[in-house]
Amino acid sequence: AQDKMPFRQHAVDSQLEKLALEQVVPALLDRGFFYVDHFLGDIAGQTVLGQVKRMHDCGLLDDGQLAGRRNGVCRRNIRGDKITWVNGNERGSEAVNFLLTLIDKLISSCDGLLGKSICARSKAMVACYPGNGAGYVKHVDNPNADGRCVTCIYYLNKNWNAKEHGGILRIFPEGKPYVADVEPLFDRLLLFWSDRRNPHEVQPSYATRYAITVWYFDSEERAEARRKFRDLTASTQERSSS
Ligand SMILES: O=C(O)CCC(=O)Nc1cc2ccccc2cn1
Ligand SMILES: [Mn+2]
């Protein structure tokens, strides 16, 4: 109940609501993407970074799997990130969980104003580009209505200098005469529509580049995608058994 929450929590919640209503919703509806700096603040941001570094040091970040992996083709030049998926309840990811709860609050404050009904989200994908010049080729996160509607990326890179380190996320907003170059700066939160409106690429990175991504689902599109998938698997089973 609201009255039991410490005063500070009220302040945080109303700050997130203010950010959602005054900045996130207008930007998503107008431009299709939005980013804010100093999302958690230095202390909390540092704690998240420390936990991600520990995952990396423990070898938890393995090579990013490619859907429809083609043997022999060097994955490095298609997608060079190393990833792991966390739901935030694992020991050592408490700060990641704190981040996710704030992003959840931010998104739920937008709900109903984005023309979508956002009901659920993916687990958090912790990604590291090792700085060997690897990046991620231009792609759309959700090209075929799999239910994902908003991509949220939290960047963790202190003293990032794109001139020297590269690693810019370049968004090519559909139908717009400009591209948006987003530097993966520490404590920066980026949100954008996951569908064909926002093709994007990660340019080659020459320093270790950490990010945490969550995708939010639109309930109707997700339900439709699951129905299609169920029918697809049913029909393939019929074919294979006939
Ligand atoms: O780190 C960034 O700035 C964005 C990187 C990026 O686009 N990552 C990414 C990662 C993905 C992993 C699985 C499926 C789809 C995916 C789409 N995009
Ligand atoms: Mn992407």
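Up top you'll find the structure we're talking about.
Residues numbered from 1 in each chain as written. Chains lettered and ligands numbered in written order. Predicted model: local features only at pLDDT ≥ 70, side-chain atom pairs only at ≥ 80, totals over all residues. Heavy atoms only, no water.

(A) View of the overall build of the protein. Looking only at helices and strands, the protein features five helices and 12 strands. Taking 2.2 N^0.38 as the reference for a compact globule, 242 residues should give roughly 18 Å; the C-alpha atoms of the protein span a radius of gyration of 19 Å, in line with that estimate. Each principal axis of the C-alpha distribution contributes one length, and for the protein these read about 65 × 45 × 40 Å. In the protein, which comprises 242 residues, the proportion classed as buried is 45%. In the protein, of all internal contacts separated by at least 6 residues, the share reaching a separation of at least 24 is 81%. Accessible area for the protein stands at about 12,700 Å²; split by element, carbon and sulfur atoms hold 53% of it. Averaged over its 33 positive side-chain charges, the protein has a centre that lies 4 Å from the centre of its 30 negative ones. (Helix = DSSP H or I, 4+ residues; strand = E, 2+ residues; numbered from the N terminus. Rg over C-alpha atoms; globule rule 2.2 N^0.38 Å. Buried < 20%, exposed > 50% of the residue type's maximum accessible area, 1.4 Å probe, protein only. Contact = heavy atoms within 4.5 Å. Areas by Shrake-Rupley, 256 points an atom, 1.4 Å probe, with all protein chains shown as cover. Lys, Arg positive; Asp, Glu negative; His and termini not counted. Charge placed at Lys NZ, Arg CZ, Asp CG, Glu CD.)

(B) Representation of the environment of Gln-203 within the structure. By the element assignment, Gln-203 lies in the loop between strand S11 (200–202) and strand S12 (209–218). On a C-alpha basis, the gap between Gln-203 and Leu-114 in space is 30 Å, while along the polypeptide they are 89 residues apart. Excluding anything up to four places from it in sequence, Gln-203 contacts Ala-134, Gly-135, Gly-167, Ile-168 and Arg-170. There is a polar contact of 3.4 Å between the side chain of Gln-203 and the side chain of Glu-201. (Polar contact = N/O pair within 3.5 Å; in protein donor to acceptor, adjacent residues only side chain to side chain.)

(C) The site of ligand 1, seen in detail. Neighbouring ligand 1 are 13 residues; His-139, Asp-141, Tyr-155, His-200 and Arg-209 lie closest to it. One of the side-chain N or O atoms of Asp-141 is found 3.2 Å from a nitrogen atom in ligand 1. Here an oxygen atom of ligand 1 sits 2.8 Å away from a polar atom, N or O, in the side chain of Arg-209. Expressed as a share of its isolated accessible area of 430 Å², the protein-covered part of ligand 1 is 87%. (Near = heavy atom within 4 Å.)

(D) Unusual backbone geometry, seen in detail. The phi dihedral of Asn-159 is positive, around 50°, even though this residue is not glycine. Counting through the fold element by element, Asn-159 comes out in the loop between strand S7 (148–155) and helix H4 (162–165). Classification of Asn-159 by relative accessible area gives exposed; the value is 72%. Look at Asp-187: it is not a glycine, yet its phi comes out positive at around 70°.

(E) Representation of the packing of aromatic side chains in the model. Counted under the stated rule, the structure contains one aromatic pair. Between the aromatic rings of Trp-85 and Trp-215, the centroid separation amounts to 6.2 Å while the plane-to-plane angle is 40°, which identifies the pairing as tilted. With Trp-85 in strand S3 (residues 82–86) and Trp-215 in strand S12, this pair connects stretches of sequence that are 130 residues apart. Of the residues examined, Trp-215 reaches a relative accessible area of 9% and is grouped as buried. The ring of Phe-172 has Lys-138 sitting right over it, with the charged end atom 4.0 Å from the ring centre. Sitting over the ring of Phe-217, Arg-222 keeps its end group 4.4 Å from the ring centre. (Phe/Tyr/Trp six-rings, centres within 6.5 Å; stacked < 30°, edge-to-face > 60°. Lys NZ or Arg CZ within 6 Å of the ring centre and 35° of its normal.)

(F) Local environment of the sheet that holds strand S9 (residues 180–182). Spatially, S6-S11-S8-S9 is the arrangement adopted by the four strands of the open sheet, whose pairing is antiparallel. Of all the strands in the sheet, just strand S6 (136–139) and S9 have a single pairing partner and so form its edges. Each neighbouring strand pair of the sheet contributes to a mean axis angle of 15°, computed without reference to strand direction. (Pairing = 2+ DSSP bridges. Axes fitted to C-alpha atoms, helices over the stretch in contact; angles between N-to-C directions.)

(G) Structural context of the packing of helix H2 (residues 42–57) against helix H3 (residues 94–110). Close contact between H2 and H3 brings their axes to 8 Å; oriented N to C, the two are set at 130°. As the angle between them shows, H2 and H3 are arranged oblique. By crossing handedness, the relation of H2 to H3 is classed as left-handed. Between H2, through Ala-44, Thr-47, Val-48, Gln-51 and Met-55, and H3, the contact on the second element is made entirely by Glu-94, Ala-95, Val-96 and Phe-98. Looking at the contact of H2 with H3 residue by residue, the classes come out as six nonpolar, two polar and one charged. (Parallel < 35°, antiparallel > 145°, perpendicular 65-115°, else oblique. Left-handed = near helix turned anticlockwise from the far one by under 90°. Nonpolar A, V, L, I, M, F, W, Y, C, P; charged D, E, K, R; others polar.)

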